[in-house]
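Spelled out, the chains give:
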Amino acid sequence: MIDTRFAPYGALVLRVALGVMFIAHAYLKFAVFTVPGFTGFLGQVGLPGFLAWPIILAEVLGGLAILTGFYGRYVSVLLLPILLGALSIHAPNGWVFNAPNGGWEYPAFLALAAFAHALIGDGALALRSAGLPVPAKPALA
């Protein structure tokens, strides 16, 4: 059962947490690992280094869109490939994210949170929220 009084605020909390996480991860890649370091990491795991800037920009811009609720549920869907890519990179490292090279539970949780956000919607205080089309119910004869 959904509590319709508080559900929009629960969706808001999910949206804010997800948006802040994307922005923080982009900042981490930019300021801590550095762009050349992240580019090198991508090469080490078999991905083209030219993806570094698109990933960082997608995380910053996507994180801002999710945080503010600017078509956030669509942005969560668009960012799922990044999260699933991170999941595939970290999967061989084991469960816990503090394992050497990071485990897979954190990217898996974030991918599920983004998927939940896409299903639930942006919630309260969204700048420009968009609903997903609902299939029409067939008419009874």
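Here is what the cut-offs are and how they apply
- Residues numbered from 1 in each chain as written.
- Predicted model: local features only at pLDDT ≥ 70, side-chain atom pairs only at ≥ 80, totals over all residues.
- Heavy atoms only, no water.
- Core = buried A, V, L, I, M, F, W, Y, C linked by side-chain atoms within 4.5 Å.
- Buried < 20%, exposed > 50% of the residue type's maximum accessible area, 1.4 Å probe, protein only.
- Helix = DSSP H or I, 4+ residues; strand = E, 2+ residues; numbered from the N terminus.
- Contact = heavy atoms within 4.5 Å.
- Salt bridge = Lys/Arg side-chain N within 4 Å of Asp/Glu carboxyl O.
- Polar contact = N/O pair within 3.5 Å; in protein donor to acceptor, adjacent residues only side chain to side chain.

1. Description of the nonpolar core
Here is step 1: Grouped together as the largest cluster of nonpolar side chains are 13 residues, with contacts concentrated most on Leu18, Phe22, Ile66 and Leu83.
Here is step 2: Elements that contribute at least two residues to this core include exactly α1 (7-32), α3 (52-68), α4 (72-90) and α5 (105-120).
Here is step 3: Those residues within four positions of Leu83 in sequence are excluded, and the remaining contacts are Phe22, Pro107, Leu110, Ala111 and Ala114.
Here is step 4: Counting residues in hydrophobic clusters, the runner-up holds 7 residues, among them Ala26, Phe38, Leu42 and Ile55.

2. A word on the pattern of salt bridges
Side-chain pairing between opposite charges can occur once the charged atoms of the two side chains come close.
Here is step 1: Tallied over the entire structure, the rule returns 2 salt bridges.
Here is step 2: One salt bridge connects Arg5 with Asp3, and the closest N-O pair in it is separated by 3.0 Å.
Here is step 3: Classification of Arg5 as exposed rests on a relative accessible area of 60%.
Here is step 4: For Asp3, a relative accessible area of 33% corresponds to the partly exposed category.
Here is step 5: Among the salt bridges present, the one from Lys29 reaches Glu59, with a minimum N-O distance of 3.1 Å. With Lys29 in helix α1 and Glu59 in helix α3, this pair connects stretches of sequence that are 30 residues apart.

3. Quick look at the side chain of His90
Here is step 1: Counting through the fold element by element, His90 comes out in helix α4.
Here is step 2: Taking relative accessible area as the criterion, His90 reaches 14% and is therefore assigned buried.
Here is step 3: At 3.2 Å, the side chain of His90 and the backbone oxygen of Gly102 are in polar contact.
Here is step 4: Setting aside its immediate chain neighbours within four residues, His90 contacts Phe97, Asn101, Gly102, Gly103, Trp104 and Pro107.

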